[in-house]
Amino acid sequence: MRRIRIFDTTLRDGEQAPGCTMNPREKVELARQLERLGVDVIEAGFPVSSPDDFEAVQAVAKTITRSTVAALCRAVPGDIETAAKALEPAKRSRLHVFIATSDLHLKEKLNITREKALEMIAQSVALARSLCDDVEFSAEDATRSDREFLLAALNTAIDAGAGIVNVPDTVGYITPEEMTQLITYLKDNLHKGKDGEEVPISVHCHNDLGMAVANSLAAVRAGASQVEGTINGIGERAGNVSLEEIIMALDTRGQFFGLETGINLRQIYRTCRLVSTVIGQKIPPNKPVVGRNAFNHEAGIHQHGVLKNPLTYEIMSPQAIGIYDNDLVLGKHSGKHAFAQRVEELGYTLPESVLEKAFARFLALADRKKRVTNKDIEAIVGAAGYTIPETYRLHSFVVNSGTVISATAVVKLIRDGEEIEHVARGDGPIDAAFKAIDRIVKVGFQLVNYSIHSVTEGEDAQGEVVVKLRQGERTVTGRGLSTDIFEASLKAYLNAVNKIIAQ
Ligand code: KIV
Ligand code: ZN
């Protein structure tokens, strides 16, 4: 079995997509989960793009010990030096240098000649190599580049010391057959590395025509040995290739591909869920591998078959990717030790302060809910991970609504031990409650998104509310979890408000 490396760019390319912004704390939380998943490389950001991104890359570099942490930089000295600085604390680091190679991008975007591009590649890769042993070079818009020029660009990067070269299908344009030909051509003609060994080829496919998975798989069949993509396929426009789909295709069709990854499959589902929670975007129900319907069988004839033998309609098992039966796991008399043990069995290693907070949430939930399930615990743990200073805490609330009176809400918050209460009217009880909070906190921002979904099943299911607040250029996401949707909404709103205040 040839080993395929998985390069995750959820925190960089994924985060660039509208509505997917993540702050440094969220990136660290996700990076921890990506490491548990077993990805080979975590691209944590583009440090020169903003002080926040610099901080995020540095924080991820400090935290991660097993995966390589990569940072993106254009082929210019300032970017490379900044990225190298952000990566300084990393145990294993990679500088990812890119420049476009298609004539369209060279002329319209960069306004430089091919010769100039080659010069910039040679200089920037050499500089990157002087600062980091592991350098990846990417030829942006590679698939629309002149083939001979693309080869010259990649060979220039190899001669300057790049240890891996990446072929991005930046606009999701190529087809699988063309990808096979391109990778075969490059494999046959690329220079050897400084150590005399073949230099690995990576692919990075976008999904504009829905062919990102097929194109990436065609590339690895033709000899590429690294796939770049994102969890849930998030990314610019139609997104990047979904890594969970690549990983499960290689695993489920192992005999056909003869390729393996170092991924811990059982962490797939919770990684996808965590990304969805962090960015506040639901996973579509028909999403391959992790959508809610991926293992649901509605038609009688299918149900009959699956009951007899799941293989009739299931080509992979839900357990394989970490979806477990929603069995009763703990009750309100379970102690902290039992809770901690279950959290660990579910694959989470939490610092004591976060565990403490999660346990408090568990006790509160167990008081209200008859059945506390693994999914409940995962939701609690996910929410407890985002430890931000709680400037305002919810003390209590009362909401009133109906068809004959306008909705009102009374909300009481606590700040520095002091109770502050306000009342407001609104277009519905949630709007009224949010307005009451606005009156207490007196910080200017705008609510740009509100969504609610249930994280568990049954009448006493926990609802998760995600809100997005915008203040100037910045958008923050707030989450709240409760069996009561009003409470979940208020918690989500306050979580976002506290983030704005903390920044
Ligand atoms: O899509 C793309 O071309 C990229 C590169 C910067 C690798 O994301
Ligand atoms: Zn990309």
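Rules and cut-offs
Along each chain, numbering runs from 1 in the same order as the chain's sequence is written. As a convention, the first chain written is A and the first ligand written is 1, with the rest following in written order. Totals for whole chains, interfaces and linings use all residues, but because this is a predicted model, local features are given only for residues with pLDDT of at least 70 and pairs of side-chain atoms are given and counted only at 80 or more. Calculated side-chain values reflect all of the structure's heavy atoms, with hydrogen atoms and water omitted. Listed donors are limited to N, O and S atoms within 2.8 Å of the metal, widened to 3.2 Å for Na, K and Ca; water is not among them, so incomplete-looking sites are possible. The way it works is that DSSP assigns letters per residue, a run of H or I at least four long becomes a helix, a run of E at least two long becomes a strand, and they are numbered from the N terminus. Buried means the residue's accessible area, taken with a 1.4 Å probe over protein chains only, is under 20% of the maximum for its type, while exposed means over 50%, and partly exposed covers the values in between. Only heavy atoms are used to decide nearness, and a residue is near a molecule or strand if one of them lies within 4 Å of it. Polar contact is defined as a pair of N or O atoms within 3.5 Å, subject to the rule that within protein one atom must be able to donate a hydrogen and the other to accept it, and that residues adjacent in sequence are counted only when both atoms are side-chain atoms. A 1.4 Å probe and the Shrake-Rupley method give the accessible areas. Residues count as covered only by the protein chains that appear here. Only when DSSP finds a minimum of two bridges between them are two strands counted as paired. Angles run from 0 to 180 degrees between N-to-C directions of axes, and those axes are lines fitted to C-alpha atoms, restricted for helices to the stretch in contact.

A.B. asks: Which residues make up the coordination of the zinc ion (ligand 2), and what values do they have?
C.D. replies: Taken together, Asp 13 (OD), His 204 (NE2) and His 206 (NE2) make up the protein donors of the zinc ion (ligand 2), found 2.0 to 2.1 Å from the metal. Each donor residue of the zinc ion (ligand 2) belongs to the same chain, with the gaps between them written as D-x190-H-x1-H. Separated by 191 residues along the polypeptide, Asp 13 in helix 1 (residues 10-14) and His 204 in strand 8 (residues 201-205) bring together distant segments of the chain. Grouping residues by exposure puts Asp 13 and His 204 together as buried.

A.B. asks: Please give an account of the site of ligand 1 that cites residues and values.
C.D. replies: Around ligand 1, a shell composed of Arg 12, Asp 13, His 96, Phe 98, Ser 138, Glu 140, Asn 166, Pro 168, Thr 170, His 204 and His 206 is seen. Within the side chain of Thr 170, an N or O atom sits 2.6 Å from an oxygen atom of ligand 1. His 204 places a side-chain nitrogen or oxygen 3.1 Å from an oxygen atom of ligand 1. Considered on its own, ligand 1 offers 260 Å² of accessible surface; in the complex 95% of this is hidden by protein. Contributing elements (two or more residues each) for the shell around ligand 1: helix 1, strand 5 (93-100), strand 6 (135-140) and strand 7 (164-169).

A.B. asks: How would you explain the pairing of strand 7 if you had to name every residue and give the values?
C.D. replies: Most of strand 7 sits out of view: six of its six residues are buried. Neither face of strand 7 is exposed, since Ile 164, Asn 166 and Pro 168 on one face and Val 165, Val 167 and Asp 169 on the opposite face are all buried. Two elements, strand 6 and strand 7, share three bridges in a ladder whose sense is parallel. The partner of Ser 138 across the bridge, within strand 7, is Asn 166. In this sheet, strand 8 lies alongside strand 7 in parallel orientation, the contact comprising five bridges. Directly across from Asn 166, in strand 8, lies its bridge partner Ser 202.

A.B. asks: Can you break down the sheet that holds strand 17 (residues 463-471) residue by residue, with the values?
C.D. replies: Two orientations exist for strands paired in a sheet by backbone hydrogen bonds: parallel and antiparallel. Read from one edge of the open sheet, three strands run 16-17-18, paired in antiparallel fashion. Each edge of the sheet is formed by a strand with only one pairing partner; in this case those strands are strand 16 (446-454) and strand 18 (474-482). When the angles between neighbouring strand axes are averaged without regard to direction, this sheet yields 15 degrees. Across eight bridges, strand 16 lies against strand 17 in antiparallel orientation.

A.B. asks: Any details on unusual backbone geometry? Residues and values, ideally.
C.D. replies: Within the chain, Val 289 stands out as a residue other than glycine whose phi angle is a positive 75 degrees. Within the secondary structure, Val 289 is located in the loop between helix 12 (268-279) and helix 13 (300-308). Exposure remark for Val 289: the relative accessible area of 6% places this residue in the buried category. Unlike most non-glycine residues, Lys 442 shows phi in positive territory, near 50 degrees. Of note, Lys 442 is situated in the loop between helix 17 (429-441) and strand 16.

So yeah, pure geometry; function would need other evidence.
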